[in-house]
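# Fold and geometry: a report
Listed here are the chains, written in short residue letters.
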Amino acid sequence: DWTMPNYVDEAIARIREQVGEDEVILGLSGGVDSSVAAALIHRAIGDRLTCVFVDHGLLRLDEGKQVMETFAQNMGVKIIHVDATEQFMGKLAGVTDPEAKRKIIGREFVEVFQHQAAKLKAAKWLAQGTIYPDVIESAGAKTGKAVAIKSHHNVGGLPETLNLKLLEPLRELFKDEVRKLGLALGLPHGMVYRHPFPGPGLGVRILGAVSSEFANLLRRADAIFIDELRKTIDPETKQSWYDLTSQAFAVFLPVKSVGVMGDGRTYEYVVALRAVQTSDFMTADWAPLPYPLLAKVSSRIINEVRGINRVVYDVSSKPPATIEWE
Ligand code: XMP
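From a predicted model like this one, the values you see are computed outputs, not experimental measurements.

Scanning the protein for helices and strands turns up 13 helices and 9 strands. Whereas a compact globule of 326 residues would reach a radius of gyration of roughly 20 Å, the protein reaches 20 Å, a difference of no more than 12%. A principal-axis box enclosing the C-alpha atoms of the protein has dimensions of 70 × 50 × 40 Å. The buried share of the protein, taken over its 326 residues, is 37%. In the protein, once contacts between residues fewer than 6 apart in sequence are set aside, the share between residues at least 24 apart is 74%.

Assigned domains of the protein: these are domain 1 (4–192) and domain 2 (205–313). At the interface, 10 residues of domain 1 touch 9 residues of domain 2. Of the residues that constitute the side of domain 1 that touches domain 2, the class distribution is 5 nonpolar, 3 polar and 2 charged.

The end-to-end C-alpha distance of helix 13 (residues 291–304) is 20 Å, a good match for the 20 Å that 14 residues give at a rise of 1.5 Å each. Taken together, the buried positions of helix 13 are V297, S298, I301 and I302. Angularly, the buried residues of helix 13 cover 120° about the axis, an arc narrow enough to put them on a single face. More than 90 degrees from the buried face of helix 13, the exposed residues found are P292, A295, S299, N303 and E304. On its buried face, helix 13 sits against helix 11 (212–231), strand 7 (264–277) and strand 9 (308–313).

Bringing the UniProt feature "binding site: ATP" (unreviewed entry) in the protein into the picture now. Under the present numbering, the feature "binding site: ATP" (unreviewed entry) in UniProt falls on S29, G30, G31, V32, D33, S34 and S35. Of note, S29 is situated in the loop between strand 1 (23–27) and helix 2 (32–45). As for its placement among the helices and strands, S35 is situated in helix 2.

To continue, consider the confidence of the model for the protein. Per-residue confidence for the protein averages 93 on the pLDDT scale, and 93% of its residues sit at or above 70. Across residues 141–156, where pLDDT falls below 50, the model places 18 contacts with residues more than four positions away in sequence or in other chains. The ipTM, which scores confidence in the relative placement of chains, is 0.99 for this predicted complex, and the corresponding pTM is 0.92.

This brings us to helix 3 (residues 63–74). Here helix 3 is 12 residues long and its end C-alpha atoms lie 15 Å apart, about the 16 Å a rise of 1.5 Å per residue gives. Within helix 3, burial applies to V67, T70 and F71. Each buried residue of helix 3 lies within a common arc of 75° when the element is viewed along its axis, so the set occupies one face. Of the residues in helix 3, the exposed ones pointing more than 90 degrees away from the buried face are K65, Q73 and N74. For helix 3, the secondary structure elements touched by its buried residues are helix 2, strand 2 (49–55), strand 3 (78–83) and helix 10 (189–192). Immediately downstream of helix 3, the backbone of G76 shows phi near 70°, a positive value.

Parameters and conventions
- Residues numbered from 1 in each chain as written.
- Predicted model: local features only at pLDDT ≥ 70, side-chain atom pairs only at ≥ 80, totals over all residues.
- Helix = DSSP H or I, 4+ residues; strand = E, 2+ residues; numbered from the N terminus.
- Rg over C-alpha atoms; globule rule 2.2 N^0.38 Å.
- Buried ≥ 20, exposed ≤ 12 C-beta atoms within 10 Å, placed from the backbone.
- Contact = placed C-beta atoms within 7 Å.
- Domains from an automatic or database assignment.
- Nonpolar A, V, L, I, M, F, W, Y, C, P; charged D, E, K, R; others polar.
- Expected span 1.5 Å × (residues − 1).
- Arc of directions from axis to C-beta.
- UniProt positions renumbered as here; feature names shortened; annotations may be inferred.
- pLDDT = per-residue confidence, 0-100.

Structure (structure tokens):
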């Protein structure tokens, strides 16, 4: 009979058999798939797993801290935490074209990861959180964006250049199974049921040129939005608006508009809120968030984030709009 505990035992046995006494490295992003893969492999081989967590400076508020807490402190997973913010910001300075930005972020990511991996001379395996839909998707036709998604996601080219064998223990699982597996392995509910986050991170949510200043403003606005979504419970379904949306985030618009505060005039940046409902992310509807929730988020952002004086809500569906703004 198929049960989760049986599945966990089998998956662990398979990993042990596959890697033997070898060492394994894994690129941890904080997303569901790489997190579950890390927890599973750690359960199977303990200290012979080393995770590399690259912070490109485009993560959400406190994300690095949360990943380190969950994996290093609570689970005892070996993690190399690389703060590559300066390197990424340097390469991105002044670059405005969305595809160029994606390419730079993808390329730097591979380079930073590769540099770390090369130091772990004992490693024979590269583990990835590839899940079944990724396997199908790679076999099918792709848009330019999908290719970019893959190449970032799977740290393209690494196995060849590093002479590592691929370990993909989630290859047969659908997303909901990966989530159940994550819970069975003791990962926090909030991590297992979090919205997807793109590899290029806030880099595609800051329109045009990226800077640390813009990233810091966006991080704070985004955290307020997510906080209120988690706190606001829909009376009908008893679910939070975070759980009732498939993806929600703030977008930084590098335009200034005039506002008024106290006796003074302000001239500051705009933040757009994006929240969608979708089953497959190929099409999506903008989420009908309750007005009081939008009002709360807007007033909190404008009052708490100096530098933002206007908040707008994105009412575009996909298609023709995409979920991300870049
Ligand atoms: P779009 O904007 O194309 O997004 O409607 C569809 C889904 O894909 C995610 N996305 C990415 N994920 N690397 C990723 O890992 C990427 O480069 C990337 N671009 C978009 C997006 O967040 C949404 O869930």
